[in-house]
Amino acid sequence: MPDYPFFFTWSAQQAAKPIEITGGDRAHFTTSDGGTWLDLGALSYQVNAGHGRQRIVEAIKAQADKLCLSSPNAVFPAKVELAERLLALAGPGYANGGKVFFTLGGAEANENALKIARQVTSRLKLISRYRSYHGASMGALTLTGDWRRAPFEPGIPGVVHVQDCYCDRCPFGQRVETCKRECATNIGATMALEGARGTAAVILEPVPGANGVLVPPAEYWPIVRRACDADGALLIADEVLTGFGRTGTAFGFQHWDVVPDMITCAKGLASGYATIGAVLVHERIARHFDANVLACGLTYYAHPTACAAALETLNLYADEGSFANAARLGPVLRAELERVAARLPGVTSFVRSLGLLGVLEVEASPAAWATLGKELAARQLSLHVDGKRGTAIFAPPLCITEEELVGGLRSFGDAAALAFAPGALA
Ligand SMILES: Cc1ncc(COP(=O)(O)O)c(C=O)c1O
């Protein structure tokens, strides 16, 4: 590999695996070596609209021609319309009187959500989960529970991590059929132990994504909502990965009967065609800043071309029924993953999914996971494989067809059977 004059992320530089993407079409992308890959991972989970969507590119160009520079307090049509559309997607409590704080990505969205929570409540503590990822900036990384937090501890003060909603390997030693949803009630108990009325916010991914697609039981979010209400803490849904149709609804929390106080989003917001994120703030929280200073700001707040890209992405979702497509294909993804698991007799494996977000978790040796990686590369299948955590995560563009999805999953099944066949296990 050439010694590139820039860093690759989350990697020892010598171990990085560069990829030169040259273009793409919906669920496929092409590479400079002539390859055409089926993208079952939406690159870094952001390409919900799919590759090569010219209408988004055209919207960016048209906006750049019209107005390409702005300042944080500038007002222009794309900014106003985008905010209105986002609040409408978030639903009751947001659509009338809610407000949007724009950012450049997901970490910044969480960073600003925690600042808003602390300003509104005048409290310090923040509760998040161990198997979570909330971004790489210092506050978001402290909220993060996975391995990426460790090198930067203690991070920002006041963050408390709690156990996960991991039904297949319940940290409370329970079974989902008979448990009392200890994973959810434990959050209220933790708030009390941390000092009643000391918690500014609880921040959760509706379905923890990169840490294993840990789909919660239906009661989980409502129990956490009630605990937050009882304590006066805010509830933040980190929808950076789950937002914009990934799980079959506009936002993941909409699967359950809850309304969070803030929603953070990025990735699918402009589907990767521009760098933009947002904090959607519930009306009753937003009102606080009518008379109090909002101590948050960014030079590139709501950049015009990013707003135009996001707006056109939302138009595309609406025109193509992208969220409904994810809901329709969810059971197909699930059935195909179960079919793969059935091809691995004698191997401990779990399947979890919601909409077009799914995981096959497999107990296997590092060598078996390395073999899987090679087999996937040979088949030009791109998805998120994490051998250390034993997961292969699926999150294709929402425009994927049933035929592409089934074909891709069957091909993945061939690779998995080869890699995880008992003979390949250490
Ligand atoms: C749930 C979640 N939150 C936050 C982030 C951070 O987003 P960004 O990389 O845009 O800062 C990610 C990124 O993977 C994520 O999955």
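Right, let's walk through the structure included here. (Residues numbered from 1 in each chain as written. Predicted model: local features only at pLDDT ≥ 70, side-chain atom pairs only at ≥ 80, totals over all residues. Heavy atoms only, no water.)

## Things to note about a nonpolar patch on the surface
The grouping of Met1, Tyr4 and Phe6 at the surface amounts to a nonpolar patch, some 320 Å² of accessible area in total. Inspection of the secondary structure assignment puts Tyr4 in the segment before β1 (21–25). On the basis of relative accessibility, which here comes to 34%, the residue Tyr4 falls in the partly exposed class. (Patch = residues over 30% accessible without salt bridge, like charges linked within 9 Å, V, L, I, M, F, W, Y side chains within 5 Å. Areas by Shrake-Rupley, 256 points an atom, 1.4 Å probe, with all protein chains shown as cover. Salt bridge = Lys/Arg side-chain N within 4 Å of Asp/Glu carboxyl O. Helix = DSSP H or I, 4+ residues; strand = E, 2+ residues; numbered from the N terminus. Buried < 20%, exposed > 50% of the residue type's maximum accessible area, 1.4 Å probe, protein only.)

## Points about helix α12 (residues 402–420)
Taking 1.5 Å of rise per residue, 19 residues should cover 27 Å, and α12 covers 26 Å from first to last C-alpha, within 8% of that figure. Those residues of α12 lying buried are Leu405, Val406, Gly408, Leu409, Ser411, Phe412, Gly413, Ala415, Ala416, Ala417, Ala419 and Phe420. Its buried side turned inward, α12 meets β3 (36–39), α10 (322–342), β12 (357–362), α11 (366–378), β13 (381–382) and β15 (391–394). (Expected span 1.5 Å × (residues − 1). Contact = heavy atoms within 4.5 Å.)

## Examining the site of the ligand
All residues adjacent to the ligand are Gly105, Gly106, Ala107, Asn110, Tyr133, His134, Gly135, Glu205, Asp238, Val240, Leu241 and Lys267. At 2.9 Å, a side-chain N or O of Lys267 approaches an oxygen atom of the ligand. In the complex, 80% of the free accessible area of the ligand, which totals 400 Å², lies under the protein chains. The element contributing the most residues to the shell around the ligand is helix α4 (residues 106–121), with 3 residues. Its residues assigned to classes, the shell around the ligand shows 4 nonpolar, 5 polar and 3 charged. (Near = heavy atom within 4 Å. Polar contact = N/O pair within 3.5 Å; in protein donor to acceptor, adjacent residues only side chain to side chain. Nonpolar A, V, L, I, M, F, W, Y, C, P; charged D, E, K, R; others polar.)

## Structural notes on the pairing of strand β4 (residues 99–103)
Across the 5 residues that make up β4, a large majority, 4, are buried. Where β4 lies against strand β10 (residues 277–281), 5 bridges are found, and the strand directions are antiparallel. Note that in β10 the partner of Phe101 across the bridge is Val279. (Pairing = 2+ DSSP bridges.)

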